[in-house]
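Descriptive analysis of the structure
Listed below, chain by chain, are the residues.
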Amino acid sequence: MAKTLERFTITRTAEDFLILIEDDNGDTVELTATEDQLEMIGEELERAIEEEEAGALDDGDDDPDEEDE
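Residues numbered from 1 in each chain as written. Predicted model: local features only at pLDDT ≥ 70, side-chain atom pairs only at ≥ 80, totals over all residues. Heavy atoms only, no water.

1. With respect to the side chain of E22
We count it as follows: Going along the chain from the N terminus, every DSSP run of H or I of four or more residues is numbered as a helix, and every run of E of two or more is numbered as a strand. Whenever a nitrogen or oxygen atom comes within 3.5 Å of another N or O atom, the pair is scored as a polar contact, on the condition that within protein one atom can donate a hydrogen and the other can accept it, and that pairs from neighbouring residues in sequence are kept only if both atoms are in side chains. Two residues qualify as a contact provided that any one of their heavy atoms is within 4.5 Å of a heavy atom in the partner residue.
With respect to the helices and strands, E22 occurs in strand β2 (residues 17–23). Side-chain polar atoms of E22 contact the side chain of R7, separated by 2.8 Å. Residues contacting E22, with those up to four places away along its chain left out, are T4, L5, E6, R7, D27 and T28.

Structure, rendered in structure tokens:
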């Protein structure tokens, strides 16, 4: 079962970045990442949000099978 994200922080270190992820039980995971990896994470977040927004628009009242009168 997936855990629920409580919070996360990203801190610059001498050579890379430290990502601290905490779940709602207080369990934490520490990961190091390069700047390129952080950029990829950001791009994936943007893509997921855009897909969600596009899906929300598709669920509107307009039926794509209906013709405009």
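2. Observations regarding the sheet that holds strand β3 (residues 28–33)
Spelled out, the test is: A pair of strands counts as paired when DSSP detects no fewer than two bridges linking them. Think of each axis as a best-fit line through the C-alpha atoms, taken over the contacting stretch in the case of a helix, with angles from 0 to 180 degrees between the N-to-C directions.
In space, the 3 strands of this open sheet follow the order β1-β2-β3, with antiparallel pairing throughout. Taken across any chain shown, the strands that pair with only one partner, and hence form the sheet edges, are β1 (5–12) and β3. On average, adjacent strands in this sheet sit at an angle of 15° to one another, irrespective of strand direction. Across 6 bridges, β2 lies against β3 in antiparallel orientation. When the bridges of β3 are listed, E22 appears paired with T28.

3. As for a nonpolar patch on the surface
The condition that has to hold: Residues with no salt bridge and a relative accessible area higher than 30% make up the patches, which join like charges within 9 Å and nonpolar side chains (Val, Leu, Ile, Met, Phe, Trp, Tyr) within 5 Å. For the accessible areas, the method is Shrake-Rupley and the probe is 1.4 Å, while residue cover comes only from the protein chains on display. A carboxyl oxygen of Asp or Glu within 4 Å of a side-chain nitrogen of Lys or Arg is what we treat as a salt bridge. In this scheme, a residue with accessible area under 20% of its type's maximum is buried, one over 50% is exposed, and one in between is partly exposed, where area comes from a 1.4 Å probe on protein chains only.
A cluster of nonpolar side chains, namely L5, F8, I10, I21, V29 and L31, defines an oily patch on the protein surface of about 530 Å² accessible area. Those elements that place two or more of their residues in the nonpolar patch are β1 and β3. With 3 residues, the top contributor of residues to the nonpolar patch is β1. Counting through the fold element by element, I10 comes out in strand β1. By relative accessible area, I10 is classed as partly exposed at 45%.

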